[in-house]
Amino acid sequence: MNAPLDAATAFGPGAAMQPAPDHQIAVIGLGYIGLPTAAILASYGWDVCGVDVSGRVVDTVNAGGVHIEERDLDRLVDEATRSKRLVASVHVPAAHYYMIAVPTPLGAGNTPDISYVEAAARSIAPNILPGACIIIESTSPVGTTERVAEIVAEMRPDISIPKFGAKHGGDIAIAYCPERVLPGRIVQELIQNDRVVGGLTPDCAQQAAALYMSFVRGDCLITNSRVAETVKLVENSFRDVNIAFANELSMIADEIGVDVWDVIRLANRHPRVNILQPGPGVGGHCIAVDPWFLVAGAPKAARLVRTAREVNDYKAVHTENRIRALIDAAPGAKVALLGLAFKPDIDDFRESPALEIAANLCADLGKRMLVVEPFIDDLPASIAELGAELTGLDAALAEAEIVVVLVDHTAFKHLMPADFAGKLVFDTRGMFKK
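Worth saying up front: this structure is predicted, and the values here are computed from it rather than measured. The numbering scheme is per chain: residues are counted from 1 as the chain's sequence reads. For a predicted model such as this one, the threshold for reporting local features is a pLDDT of at least 70, and the threshold for listing and counting side-chain atom pairs is 80 or more; totals across whole chains, interfaces and linings nevertheless cover every residue. Based on all heavy atoms of the structure, the side-chain values leave hydrogens and waters out of the count.

## Topic: unusual backbone geometry
Point 1. You will see that lysine 84, though not glycine, has its phi angle at about 70°, which is positive.
Point 2. For lysine 84, the position within the fold is in the loop between helix 4 (73-82) and strand 3 (86-89).
Point 3. The buried label goes to any residue with under 20% of its type's maximum accessible area, the exposed label to any with over 50%, and the partly exposed label to all in between, with areas taken from a 1.4 Å probe on protein chains only. Residue classification places lysine 84 among the exposed residues on the basis of a relative accessible area of 65%.
Point 4. We note that asparagine 110 has phi near 60°; this positive angle belongs to a residue other than glycine. The secondary structure listing takes helices from DSSP runs of H or I that are at least 4 residues long and strands from runs of E that are at least 2 residues long, numbered from the N terminus.

Shown next as structure tokens:
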């Protein structure tokens with residue numbers, strides 16, 4: 001692995017003569033991507049300041065702790081803060097590199113909301129020095145990198161800003177480099193996976209790539225910012241479309257009266273067929289959100305992408321309706337809901353269909369709901385106030401007459417048919433078919 005670059009190497013001749021920044025790297029946003037990235041950079045010898053609007057998050061990180069559950073992250077953050085290579089702050093410092101890793105949620109009508117990215121750009125602009133590099137990592141609609149450039153240009157007329165498509169030019173560099181990691185493996189995959197680095201200009205891309213090449217073991221693939229923005233959206237849209245086929249197939253199977261798990265297992269014996277496994281919907285910040293960004297960019301052309309999103313959103317409704325049918329067949333029965341996270345073995349509930357289903361059921365039947373979620377100590381407020389009870393697996397199985405598997409956590413996979421004797425069971429994940 002390469003050592004961190006000094007100012008002259010990173011920014012070209014004369015850059016080292018500029019006023020010294022406070023830190024080599026400022027990571028804006030200490031969430032599921034920002035904090036692991038900041039800790040990894042520090043572990044590779046960079047001087048990093050992690051910036052977050054939450055004083056609680058800043059205090060937790062400065063104490064060597066973490067506020068999110070992710071494998072190996074607690075150890076990495078503890079070592080980074082002890083070495084003084086990682087500090088956290090609510091204030092944006094002057095830095096060589098700025099990495100923006102803030103949320104990009106959906107707004108009204110499933111339209112992209114880049115207000116957090118814009119706010120991050122405004123927080124960076126007053127402190128930026130000539131020779132610095134801004135990198136957007138947040139998943140964003142096409143054109144967001146150029147929007148960041150516009151904001152910096154408006155706030156810093158004293159600095160020449162690079163123009164998209166130019167061969168050279170600009171006192172600073174601006175680029176886009178999306179993460180492509182799996183929750184539960186973020187620390188490992190931030191280092192091992194290939195990265196797509198897109199600059200407003202080729203020089204911008206090269207300057208950003210220099211940072212990633214210091215710790216990424218995969219390839220750093222150079223392109224322009226619009227292509228890089230599109231690549232991230234296409235990757236998650238591809239996955240969403242394939243999941244939608246499996247989810248729609250499961251609803252067809254329900255209607256025609258066949259076992260979808262047997263259908264998929266046997267169909268996948270074809271040498272050129274690989275159908276994914278259905279579930280209660282699609283969750284997580286990426287797959288459940290990013291395709292809408294692609295639709296927003298070309299609403300008339302993105303017909304398949306839009307339909308896939310609608311299918312996957314509706315699958316949660318279909319699943320809830322099936323659960324309600326079981327409940328109607330057993331009046332007064334208590335119901336054990338196994339899992340609330342959007343995927344197995346993590347504490348991430350963003351866009352989770354399991355959480356959506358649980359909240360809707362608890363709104364009507366809260367006191368009959370027993371929730372088993374091994375990755376939390378307290379129920380989310382959205383269902384805690386409705387009377388549902390967070391309980392252990394054994395207690396839930398002893399008391400409930402209806403059991404619904406919403407998430408196939410490893411903690412549930414030891415269960416056998418005998419554990420459900422006399423109960424109504426709905427396995428939305430096919431956990432007992434695998």
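## Focus on helix 9 (residues 225-256)
Since the α-helix packs 3.6 residues into each turn, any two residues three or four apart lie on the same face.
Point 1. Every helix has an expected span of 1.5 Å times one less than the residues it contains. The end-to-end C-alpha separation of helix 9 is 47 Å, in line with the 46 Å expected for 32 residues at 1.5 Å each.
Point 2. Pairing of N or O atoms within 3.5 Å defines a polar contact, subject to two protein rules: one partner must be a possible hydrogen donor and the other a possible acceptor, and residues neighboring in sequence count only if both atoms are side-chain atoms. Capping of helix 9 at its N-terminal end is provided by asparagine 224; its side-chain oxygen lies 3.1 Å from the backbone amide nitrogen of arginine 226.
Point 3. Once helix 9 ends, the next one or two residues include glycine 257, with phi positive near 80°.

## Quick look at the sheet that holds strand 13 (residues 424-427)
Point 1. Here 5 strands make up an open sheet; going across it, the order is 11-10-9-12-13 and the pairing parallel. Unpaired on one side and paired on the other, strand 11 (389-390) and strand 13 mark the two borders of the sheet.
Point 2. With 4 bridges joining them, strand 12 (residues 402-405) and strand 13 adopt parallel strand pairing. Following the sheet pairing, valine 403 is matched in strand 13 by valine 425.
Point 3. Only heavy atoms matter for contacts: two residues are in contact if any of them lie within 4.5 Å across the pair. To obtain each axis, a line is fitted to C-alpha atoms, and for helices this fit is confined to the stretch in contact; angles are then taken between N-to-C directions over 0 to 180 degrees. Where helix 12 (residues 303-329) meets the sheet, it contacts strand 9 (335-338), strand 10 (369-372), strand 12 and strand 13, and its direction lies at approximately 175° from that of strand 13. In this analysis, strands are considered paired if DSSP registers two or more bridges between them.

## Quick notes on the layout of surface pockets
With a probe scaled to a water molecule rolled over the atoms, the places where space remains empty come into view.
Point 1. Its boundaries defined by the atoms lining it, the second largest pocket holds a volume of some 300 Å³.
Point 2. Together, 19 residues line the second largest pocket, and Val260, Trp261, Arg322, Phe426 and Asp427 are the ones closest to its centre.
Point 3. With 4 residues, the top contributor of residues to the lining of the second largest pocket is helix 12. Grid spacing is 1 Å over the protein atoms alone, the probe is 1.4 Å, and a cavity is where that probe fits but cannot get out, while a pocket is an open set with protein on both sides within 12 Å along at least five of seven lines and lining residues have an atom within 4 Å of a point. Grid points are joined across faces, edges and corners, and a volume is the space filled by probe spheres set on the points.

## As for the packing of aromatic side chains
Point 1. Planes of paired rings set the category: under 30 degrees apart is stacked, over 60 is edge-to-face and the rest tilted, where pairs are Phe, Tyr or Trp rings (Trp by its six-membered ring) whose centres lie within 6.5 Å. In this structure the tally under the stated criterion is 4 aromatic pairs.
Point 2. Measuring from centroid to centroid gives 5.9 Å for tyrosine 212 and phenylalanine 215, while their planes differ by 45°, and the two rings are tilted.
Point 3. Under the relative-accessibility criterion, phenylalanine 215 is labelled buried at 2%.
Point 4. Three or more aromatic residues joined by ring pairs make a cluster, and in this case those are Tyr44, Tyr212 and Phe215.

## A closer look at the pattern of salt bridges
Point 1. Throughout this description, the term salt bridge denotes a Lys or Arg side-chain nitrogen within 4 Å of a carboxyl oxygen of Asp or Glu. Scanning the entire structure with this criterion turns up 19 salt bridges.
Point 2. Two residues, glutamate 118 and arginine 147, come together in a salt bridge whose shortest N-O distance is 3.0 Å. One end of the pair, glutamate 118, is in helix 5 (residues 115-124); the other, arginine 147, is in helix 6 (residues 144-155), with 29 residues separating them in the sequence.
Point 3. Its relative accessible area of 22% is what places arginine 147 among the partly exposed residues.
Point 4. With its nearest N and O atoms 3.5 Å apart, the salt bridge here joins aspartate 262 to arginine 265.

## Description of the packing of helix 2 (residues 34-43) against helix 4
Point 1. For the pair helix 2 and helix 4, the least separation of the axes is 9 Å and the interaxial angle reads 50°. In terms of their interaxial angle, helix 2 and helix 4 are classed as oblique. Once helix 2 is placed against helix 4, the crossing between them reads as left-handed. When helix 2 is examined against helix 4, the residues Leu35, Pro36, Ala39, Ile40, Ala42 and Ser43 are found in contact with a partner set consisting of Leu73, Leu76, Val77 and Ala80.
Point 2. Residues were grouped as follows: Ala, Val, Leu, Ile, Met, Phe, Trp, Tyr, Cys and Pro as nonpolar; Asp, Glu, Lys and Arg as charged; and all remaining residues, including Gly, as polar. Taken together, the residues of the contact of helix 2 with helix 4 sort by class into 9 nonpolar, 1 polar and no charged. Between 65 and 115 degrees an angle is taken as roughly perpendicular, under 35 as roughly parallel, over 145 as roughly antiparallel, and anywhere else as oblique. Note on convention: the crossing is left-handed when the near helix lies turned anticlockwise from the far helix by less than a right angle, right-handed when the turn is clockwise.

## Some thoughts on the environment of proline 103
Point 1. Mapped onto the elements of the fold, proline 103 is located in the loop between strand 4 (95-100) and helix 5.
Point 2. For proline 103, a relative accessible area of 47% puts it in the partly exposed group.
Point 3. For the pair proline 103 and aspartate 113, spaced 10 residues apart in sequence, the C-alpha to C-alpha distance is 8.9 Å.

## Remarks on the side chain of aspartate 347
Point 1. With respect to the helices and strands, aspartate 347 occurs in the loop between strand 9 and helix 13 (353-365).
Point 2. Side-chain polar atoms of aspartate 347 contact the backbone nitrogen of glutamate 69, separated by 3.3 Å.
Point 3. Ignoring sequence-local partners within four residues, the contact set of aspartate 347 consists of Tyr32, Ile68, Glu69 and Phe375.

## Some details on the environment of serine 140
Point 1. Turning to its location among the elements, serine 140 is positioned in the loop between strand 5 (133-136) and helix 6.
Point 2. A residue is classified by how much of its surface remains accessible, and serine 140, at 0% relative accessible area, is buried.
Point 3. Separated by 87 residues in sequence, serine 140 and valine 227 have C-alpha atoms that sit 12 Å apart.
Point 4. Apart from the residues lying within four places of it in its own chain, the contact partners of serine 140 are Thr104, Val117, Tyr176, Glu229, Leu233 and Phe293.
Point 5. A distance of 2.8 Å separates a polar side-chain atom of serine 140 from the backbone oxygen of serine 138.

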